[in-house]
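Per-entry structural report
Letter by letter, the chains look like this.
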Amino acid sequence: MAGALKKSTFLKGLEVAKTPHHSLTNIYTRILRVLGKFPTSSAYRISTEQIVKERAAIVRETPDVEALEKKIGCGQVEELIVQAENELLLARKMVVWQPWEPLTEEPPKDQWTWPPHK
């Protein structure tokens, strides 16, 4: 896997990743492990697994960092690492929140109408 050749991300506070392939692979694996705790019918699990698996495959198949960034198309590899870390944090919270469980009470009748009726 090719190492980082750039000297700066040109993004304040975001240093160049020394081992981007390793970092992304590690985080993507952890996300998939957390998603395994969700019901298989969970919409969040289904969509997030698809994205993470696609990106993990690109990371495995693309040794060049610049090509990797272009294939994923969501910023520099350092930004991808931050995005993956944030997704991991969210997935862990979602396990606790269990949004797939039924509501404890009925939502307001006009919850999804805008502007709200008075």
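Structure first, text after, so check above.
Throughout, residues of each chain are indexed from 1 in the direction in which the sequence is written. With the structure being a predicted model, the display of local features is reserved for residues of pLDDT at least 70 and the display and counting of side-chain atom pairs for 80 or more, all residues being used for whole-chain, interface and lining totals. To obtain the side-chain values, all non-hydrogen atoms of the structure were used and water was disregarded.

Some remarks on unusual backbone geometry
Short version of the rule: Counting from the N terminus, the helices are the DSSP runs of H or I reaching at least four residues and the strands are the DSSP runs of E reaching at least two. With a 1.4 Å probe rolled over the protein chains alone, any residue whose accessible area is under 20% of its type maximum counts as buried; one over 50% counts as exposed, and the rest are partly exposed.
Residues W114 and P115 are joined by a peptide bond in cis, for which omega reads -5°. Secondary-structure assignment places P115 in the segment after α4 (77-97). With phi around 50°, Q98 is a residue other than glycine that occupies positive phi space. Mapping Q98 onto the fold places it in the segment after α4. Its relative accessible area of 36% is what places Q98 among the partly exposed residues.

A few points about the packing of helix α3 (residues 65-72) against α4
To keep things clear, this is the line we draw: Between N-to-C directions, angles span 0 to 180 degrees; the directions come from axes that are lines fitted to C-alpha atoms, helices contributing only their stretch in contact. Here the angle decides the label: under 35 degrees means roughly parallel, over 145 means roughly antiparallel, 65 to 115 means roughly perpendicular, and every other value means oblique. Contacts are assigned to residue pairs that have any heavy atoms within 4.5 Å of one another. Nonpolar residues are Ala, Val, Leu, Ile, Met, Phe, Trp, Tyr, Cys and Pro. Charged residues are Asp, Glu, Lys and Arg, and all others, Gly as well, are polar.
The interhelical angle for the contact between α3 and α4, taken along N-to-C directions, is 55°, at an axis separation of 9 Å. Classified by the interaxial angle, the pair formed by α3 and α4 is oblique. Contact residues: α3 offers V65, L68, E69 and I72, while α4 offers V77, E78 and L80. In terms of residue class, the contact of α3 with α4 is made up of five nonpolar, no polar and two charged.

With respect to the packing of helix α2 (residues 43-61) against α4
Here is the rule: Each crossing gets its hand from how the near helix is turned against the far one by less than a right angle, where anticlockwise is left-handed and clockwise is right-handed.
Interhelical geometry of α2 versus α4 gives an angle of 150° and a closest axis separation of 13 Å. It follows from the interaxial angle that α2 and α4 lie roughly antiparallel. As for the relative orientation of α2 and α4, their crossing is left-handed in sense. On α4, the residues that touch Y44, T48 and R55 of α2 are L80, Q83, E87, L90, A91 and M94. Tallied by class, residues from the contact of α2 with α4 come to five nonpolar, two polar and two charged.

Looking at the pattern of salt bridges
Note the threshold: In the sections that follow, a salt bridge refers to a side-chain nitrogen of Lys or Arg positioned within 4 Å of a carboxyl oxygen of Asp or Glu.
Summed over all chains, the structure comprises two salt bridges. Ionic pairing is found between R45 and E49, a salt bridge with its closest N-O pair at 3.1 Å. One end of the pair is R45 and the other is E49, both in helix α2 and four residues apart, which spans about a single turn. By relative accessible area, which is 16% here, E49 ends up buried.

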